[in-house]
Amino acid sequence: MAAHVSAVRALYKRILVLHRFLPIDLRALGDQYVKDEFRRHRGASPEEAKGFMTEWQNYKETLQNQVLASAGDRLGPARFGADLPEEKLRDFQDEQIGQLYELMLESTKPNRQFDIREDGQ
């Protein structure tokens with residue numbers, strides 16, 4: 001049990017560190033979502049916890065690869081995110097579909113909460 005708690009905590013912290021490389025508005029949105037999801041799954045069954053950890057580990061690896069790629073490509077704007085395959089959507093519960101929809105709406109708002117521009121823009 002202690003090893004699992006340690007692994008969850010390490011994954012949580014690593015994701016928040018990776019979020020530091022996101023644009024500030026996406027970082028704020030992502031940090032809040034991660035905190036809410038990890039809090040929501042504190043009492044998850046072992047089977048749910050396994051799936052939860054697998055998906056968040058995949059997210060961490062994807063984001064880590066995107067951060068490294070964006071660091072090496074200074075010419076273009078950094079691109080973060082990934083398409084969600086339809087077969088994964090079929091496994092989602094109705095509540096998860098609703099959360100995903102709300103997250104999509106929030107992340108694609110034309111007037112985001114923060115509008116910070118680089119020097120010279």
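Throughout what follows, the structure given in this document is the object of discussion. Nothing here was measured: the structure is a model prediction, and the numbers come from that model.

## Comments concerning the pattern of salt bridges
Summed over the entire model, instances satisfying the criterion amount to five salt bridges. A salt bridge links Arg 27 to Asp 31, with the nearest nitrogen and oxygen atoms 3.6 Å apart. Within this pair, Arg 27 and its partner Asp 31 are both found in helix H2 (residues 24-40), separated by four residues, close to a single helical turn. Assessed through its relative accessible area of 31%, Arg 27 is described here as partly exposed. We classify Asp 31 as buried; its relative accessible area is 14%. Here Glu 55 makes a salt bridge to Lys 88, at a shortest N to O gap of 2.8 Å. On the criterion of sequence distance, the pair formed by Glu 55 in helix H3 (residues 46-72) and Lys 88 in helix H4 (residues 86-90) is long-range, its members being 33 residues apart.

## What about the environment of Thr 62?
Tracing the backbone shows Thr 62 in helix H3. The exposure class assigned to Thr 62 is partly exposed, which follows from its relative accessible area of 33%. Residues Thr 62 and Phe 80, spaced 18 residues apart in sequence, show a C-alpha to C-alpha distance of 8.9 Å.

## A closer look at H2
Helix length check: H2 (17 residues) gives 24 Å between terminal C-alpha atoms against 24 Å at 1.5 Å per residue, within 8%. Inspection of H2 places Asp 25, Gly 30, Asp 31, Val 34, Glu 37 and Phe 38 among the buried residues, and these make up the whole buried set. Those residues of H2 hidden inside the fold are in contact with helix H1 (2-19), H3 and helix H5 (94-107).

Analysis parameters
Residues numbered from 1 in each chain as written. Predicted model: local features only at pLDDT ≥ 70, side-chain atom pairs only at ≥ 80, totals over all residues. Heavy atoms only, no water. Salt bridge = Lys/Arg side-chain N within 4 Å of Asp/Glu carboxyl O. Helix = DSSP H or I, 4+ residues; strand = E, 2+ residues; numbered from the N terminus. Buried < 20%, exposed > 50% of the residue type's maximum accessible area, 1.4 Å probe, protein only. Expected span 1.5 Å × (residues − 1). Contact = heavy atoms within 4.5 Å.

Any functional reading would require information that these geometric values do not contain.
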